[in-house]
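Examination of the molecular architecture
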Amino acid sequence: MSLQADFDRAAEDVRKLKTMPEDEELKELYGLYKQSVIGDIDIECPGLLDLKGKAKWEAWNLQKGLSKEDAMSAYISKAKELIEKYGI
């Protein structure tokens, strides 16, 4: 399978986890997903009162500079780790 196909499959499988991952795990997945799909962050940081938006922005911003291919590989690895931990 191609990297894109593996990434799409991992993104699909992660939605089927039996248990919701911890917040830190979700933020890491989110940042890697956005970096894989869009690339470097292209939006301004949300205001202080938007805690969820700010956490998502920070997670994506941590991946800045990572190539889309490297982000996909890291996402696939993290997804496999979570699937082993939580099951599908």
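The structure under discussion appears in the preceding block.
1. Here we look at the packing of aromatic side chains
- Taken as a whole and assessed by the stated rule, the structure comprises three aromatic pairs.
- A ring pair is formed by F7 and Y33, whose centres lie 5.6 Å apart and whose planes are at 25°; its orientation type is stacked. With a gap of 26 residues between them, F7 in helix α1 (residues 3-14) and Y33 in helix α2 (residues 23-37) connect regions that are remote in the sequence.
- Following the ring pairs from residue to residue traces out a cluster consisting of F7, Y33 and Y75.
- Its guanidinium or amino end placed over the ring of W60, K34 lies 5.0 Å from that ring's centre, counting from NZ or CZ.

2. Things to note about helix α4 (residues 68-86)
- The terminal C-alpha atoms of α4 lie 26 Å apart, and with 19 residues this matches the ideal 27 Å at 1.5 Å per residue to within 8%.
- By the burial criterion, the buried members of α4 are A71, M72, Y75, I76, K78, A79, L82 and Y86.
- Residues of α4 that are buried sit in contact with α1 and α2.
- With its phi angle positive at about 75°, G87 sits one or two positions after the end of α4.

So, how was this worked out
- Residues numbered from 1 in each chain as written.
- Predicted model: local features only at pLDDT ≥ 70, side-chain atom pairs only at ≥ 80, totals over all residues.
- Heavy atoms only, no water.
- Phe/Tyr/Trp six-rings, centres within 6.5 Å; stacked < 30°, edge-to-face > 60°.
- Helix = DSSP H or I, 4+ residues; strand = E, 2+ residues; numbered from the N terminus.
- Lys NZ or Arg CZ within 6 Å of the ring centre and 35° of its normal.
- Expected span 1.5 Å × (residues − 1).
- Buried < 20%, exposed > 50% of the residue type's maximum accessible area, 1.4 Å probe, protein only.
- Contact = heavy atoms within 4.5 Å.

These figures capture arrangement, not role.
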